[in-house]
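Next come the chains, spelled out residue by residue.
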Amino acid sequence: MKKTGAKIFVETLLEHGVNTMFGYPGGVLLPIYDELYHAPIRHILSRHEQGAIHAADGYARATGKVGVCMATSGPGATNLVTGLATAFMDSVPVVAFTGQVSTHLLGIDSFQEADIYGISIPVTKYNYLVKETSRLKEVMYEAFHLAISGRPGPVLIDLPKDVQTIQIDDPPVPALTLPQRRPHLDPVERDRQLEKILSLIRDAKRPVIYAGGGVIKSDKAHEALLRLAEKAQMPVTTTLMGKGGFPETHSLSLGMLGMHGTRYANYAVAKCDLLIAVGARFDDRVTGEPSTFAKEAKIVHLDIDPAEVGKIIQVDACLIGQARDLLQELADRVEPQAHEEWISQIAQWKRDFPLSYPKKEGVISPQYVVEQIYEKTRGEAIITTEVGQNQMWAAQYFKSTRPRTFITSGGLGTMGYGFPAAIGAKIGCPDRIVFDIAGDGSFQMNIQELATAVYNKVNVKIAILNNGFLGMVRQWQELFYGRRYSQTTLNGNPDFIKIAEGYGALGIRVEKPEDVPSAIERAIAEDHPVVIDFHVDPEENVYPMVPPGGAIHNMLDRKE
Ligand SMILES: Cc1ncc(C[n+]2csc(CCOP(=O)(O)OP(=O)(O)O)c2C)c(N)n1
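Residues numbered from 1 in each chain as written. Predicted model: local features only at pLDDT ≥ 70, side-chain atom pairs only at ≥ 80, totals over all residues. Heavy atoms only, no water.

### Focus on the overall build of the protein
Link 1 in the chain: A tally of helices and strands in the protein yields 23 helices and 20 strands.
Link 2 in the chain: Computed over C-alpha atoms, the radius of gyration of the protein comes to 24 Å, within 12% of the 24 Å expected from 2.2 N^0.38 for 560 residues, which places it in the range of a compact globule.
Link 3 in the chain: Judged by the C-alpha coordinates and their principal axes, the protein covers about 75 × 65 × 40 Å.
Link 4 in the chain: Residues classed as buried in the protein amount to 59% of the 560 residues present.
Link 5 in the chain: For the protein, the computed accessible surface area is about 22,500 Å², with 52% contributed by carbon and sulfur atoms.
Link 6 in the chain: Charge-centre separation for the protein: the mean point of 57 positive side chains lies 2 Å from the mean point of 66 negative side chains. (Helix = DSSP H or I, 4+ residues; strand = E, 2+ residues; numbered from the N terminus. Rg over C-alpha atoms; globule rule 2.2 N^0.38 Å. Buried < 20%, exposed > 50% of the residue type's maximum accessible area, 1.4 Å probe, protein only. Areas by Shrake-Rupley, 256 points an atom, 1.4 Å probe, with all protein chains shown as cover. Lys, Arg positive; Asp, Glu negative; His and termini not counted. Charge placed at Lys NZ, Arg CZ, Asp CG, Glu CD.)

Printed below as a string of structure tokens:
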């Protein structure tokens, strides 16, 4: 039986278990949207293509499945670019489809033609321009495989209109002919590395595990990490992307390290004699000046991507593979250890330098709002964040205990990510409470997605830490540019309550600290999207802070 490309497209999505996708139509996608009209796929119409791709990304991060989104040619496709780069930097499995002008119109500046294939090369794991309908099914099979295998990432498929309309014989299910990954190390060398790591652990007096997003992505890696840490008594610090990979309520947890990490995590890294990095990439927000990072330590790197090993820091030993498999192997093989002196030193640092913030009479501290969200959700919520101070306070004060519950744009630092990502996360995990911890600047970057949330009954909560500033940039201006607040005052902010109501959401304004807990309780009780506008201390800063390019153990703190 002959089938159009559009029909093959929908059938192939269904073969991959896709029951939800996010998108925004346009002329060149009419054949596909017509096919979707009666397909058993929930298509969420965003209000901006950036909203669609961030929602697909949030869905992927919360569920572990591939997130799917679609946009039309030209401006629809270019509106996806920030979302592709966001997913690429954080290794998120997204398959993005773009409509394209028909093949005979390619390359001649046709109406709404943009070379999204070319544009997206640096921000995708792989990308395709499908010129023949006969290739479509095979390309889609490859794309879904590539997005989620190995180190995950976004894959883009550009679909000219005629490829969607041409009819061909029903294509068979393709056999994937992708080149197989070869092991990075030969078995003898691998054994040597493993033995070396085991002996480094045996000899270490002051070990630290530094766990990144790879521990979240590799299913069950967090269980192996816990077993390894407890058995060898190794304290664990996580990156922003690694939050939830190790319970932050555990006595061996050091919380987050790096620019806004805890003092005790950064001190522990500075003083450790063995640092085991797992699923982490020595990002500059983590290392500060790399030549000063973990100077006293032997470095072990466990990662799925050999390109990450030795990229920033020379290592003493490495293993390449799934974080789960490598951590399980180490947890099985390692001999039980005790590091009483080291653990008690860390406990002392925790007592001496806890995370803290000033409690001012009548003023809402943003950190208090995050603490209350943690309390009122009993730490069970999925948190998404925007970018800036809100993101760092969320990371510091919401103790994550499970993978896939802290969702944030770590690598690209995309303002406007958190709210659409929250929509995707809630659709993927409808039984969880989902809070977007937002700044008043970031929220306005994708505020239009309130329509998406309300219309589709996506019960997300947006907690705006409204300081009237682009707070994080203002903080840098305060500390390093003589308090010259150039273009960081958000004059002209709207009335967020009216905006929420205008879209049919509930808006709650909170101006007094004593009203914070009840507002959060009320928002949770509502079976409806809620915007809570917390008027917080306008010039509160995120501390501790490592000045850019410094050593991470040299941190600034507030002047009392
Ligand atoms: C799309 C985008 N543009 C600009 C920036 C640079 N930037 C980083 S943090 C920040 C301020 C964010 O302000 P707001 O959302 O109000 O959050 P706050 O820091 O006040 O919590 C800016 C402008 C960015 N990260 N992303």
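### Let's talk about the site of the ligand
Link 1 in the chain: By nearness alone, 17 residues border the ligand, and Gln 389, Gly 413, Gly 441, Ser 442 and Gly 471 come closest of all.
Link 2 in the chain: One of the backbone N or O atoms of Gly 471 is found 2.8 Å from an oxygen atom in the ligand.
Link 3 in the chain: Here the ligand, which alone exposes 590 Å², has 77% of that area covered by the protein.
Link 4 in the chain: Elements supplying a minimum of two residues to the shell around the ligand: helix H17 (389–397), helix H19 (440–443) and helix H21 (471–480).
Link 5 in the chain: Partitioned by chemical class, the residues of the shell around the ligand number seven nonpolar, nine polar and one charged. (Near = heavy atom within 4 Å. Polar contact = N/O pair within 3.5 Å; in protein donor to acceptor, adjacent residues only side chain to side chain. Nonpolar A, V, L, I, M, F, W, Y, C, P; charged D, E, K, R; others polar.)

### Overview of the packing of helix H16 (residues 366–376) against helix H23 (residues 516–525)
Between two packed helices, the angle of one axis relative to the other and the distance separating the axes together describe the packing.
Link 1 in the chain: In the contact formed by H16 and H23, the axes pass within 10 Å of each other and the chain directions differ by 45 degrees. Overall, the two elements H16 and H23 adopt an arrangement that is oblique. Both H16 and H23 take part in a crossing whose hand is right-handed. On the side of H16, the interface is formed by Tyr 368, Val 369, Gln 372, Ile 373 and Lys 376, while H23 contributes Val 516, Pro 517, Ile 520, Glu 521 and Ile 524.
Link 2 in the chain: In the contact of H16 with H23, the residues fall into seven nonpolar, one polar and two charged. (Axes fitted to C-alpha atoms, helices over the stretch in contact; angles between N-to-C directions. Parallel < 35°, antiparallel > 145°, perpendicular 65-115°, else oblique. Left-handed = near helix turned anticlockwise from the far one by under 90°. Contact = heavy atoms within 4.5 Å.)

### Regarding the environment of Ile 520
Link 1 in the chain: Residue placement: Ile 520 occurs in helix H23.
Link 2 in the chain: A C-alpha to C-alpha distance of 30 Å links Ile 520 and Asp 90, two positions 430 residues apart in sequence.
Link 3 in the chain: Look past the residues within four positions of Ile 520 in its chain and what remains in contact with it is Val 369, Gln 372, Ile 373, Lys 376, Phe 435, Ile 532 and Phe 534.

### Notes on the sheet that holds strand E11 (residues 253–256)
Link 1 in the chain: If you walk across this open sheet you meet the six strands as E11-E10-E9-E12-E13-E14, and the pairing is parallel. This sheet does not close on itself; its edge strands, each paired only once, are E11 and strand E14 (317–320). Averaged over neighbouring strand pairs, the angle between their axes works out to 15 degrees when direction is ignored.
Link 2 in the chain: Two elements, strand E10 (residues 236–238) and E11, share three bridges in a ladder whose sense is parallel. When the bridges of E11 are listed, Thr 238 appears paired with Met 256.
Link 3 in the chain: Lying on the sheet, helix H14 (residues 323–333) is in contact with strand E12 (274–278), strand E13 (298–303) and E14; it crosses E13 at an angle near 130 degrees. (Pairing = 2+ DSSP bridges.)

### Comments concerning the side chain of Ser 120
Link 1 in the chain: In this fold, Ser 120 is placed in helix H6 (residues 116–120).
Link 2 in the chain: Relative accessible area serves as the criterion here: at 0%, Ser 120 is assigned to the buried category.
Link 3 in the chain: Among the polar contacts listed, one links the side chain of Ser 120 to the side chain of Asn 127, at a separation of 2.9 Å.
Link 4 in the chain: Sequence-distant contacts of Ser 120, that is, excluding residues within four places in its chain, are made with Leu 84, Asn 127 and Leu 156.

### Thoughts on a nonpolar patch on the surface
Link 1 in the chain: Taken together, the side chains of Phe 480, Tyr 481 and Leu 556 make up a nonpolar region of the molecular surface, amounting to roughly 270 Å² of accessible area.
Link 2 in the chain: By the element assignment, Tyr 481 lies in the loop between H21 and helix H22 (496–503). (Patch = residues over 30% accessible without salt bridge, like charges linked within 9 Å, V, L, I, M, F, W, Y side chains within 5 Å. Salt bridge = Lys/Arg side-chain N within 4 Å of Asp/Glu carboxyl O.)

### Brief notes about the pattern of salt bridges
Link 1 in the chain: Across all of its chains, the model carries 32 salt bridges by this definition.
Link 2 in the chain: Residue Lys 376 is joined to Glu 521 by a salt bridge in which the shortest nitrogen-to-oxygen separation is 2.9 Å. With Lys 376 in helix H16 and Glu 521 in helix H23, this residue pair connects regions lying 145 residues apart in the sequence.
Link 3 in the chain: Residue Lys 376 is classed as partly exposed on the basis of its relative accessible area, which comes to 28%.
Link 4 in the chain: Judged by relative accessible area, Glu 521 falls into the partly exposed class, the value being 43%.
Link 5 in the chain: Across the salt bridge formed by Glu 380 and Arg 402, the nearest N and O atoms sit 2.6 Å from each other. Placement of Glu 380 in the loop between H16 and strand E15 (382–385) and of Arg 402 in the loop between H17 and strand E16 (406–407) is noted, with a sequence separation of 22 residues between them.
Link 6 in the chain: If you follow the salt bridges from partner to partner, you end up with Arg 151, Asp 305, Glu 308 and Lys 311 in one network.

### Concerning the side chain of Gln 367
Link 1 in the chain: Mapping Gln 367 onto the fold places it in helix H16.
Link 2 in the chain: A distance of 2.8 Å separates polar atoms of two side chains, one belonging to Gln 367 and the other to Glu 540.
Link 3 in the chain: Dropping the residues within four chain positions of it, Gln 367 is found in contact with Tyr 357, Trp 393, Tyr 397, Glu 540, Asn 541 and Arg 558.

### A word on helix H15 (residues 340–352)
In an α-helix, one turn spans 3.6 residues, which is why side chains three or four residues apart end up on the same side.
Link 1 in the chain: Taking 1.5 Å per residue, 13 residues should reach 18 Å; H15 reaches 18 Å between its end C-alpha atoms and fits that length.
Link 2 in the chain: For H15, the complete set of buried residues consists of Trp 342, Ile 346 and Trp 349. Along the long axis of H15, the arc covered by the buried residues comes to 55 degrees, so they all point the same way. Exposed positions of H15 whose direction lies more than 90 degrees from the buried face are Glu 340, Glu 341 and Arg 351.
Link 3 in the chain: Lining the buried residues of H15 we find strand E9 (207–211), E11 and helix H12 (263–271). (Expected span 1.5 Å × (residues − 1). Arc of directions from axis to C-beta.)

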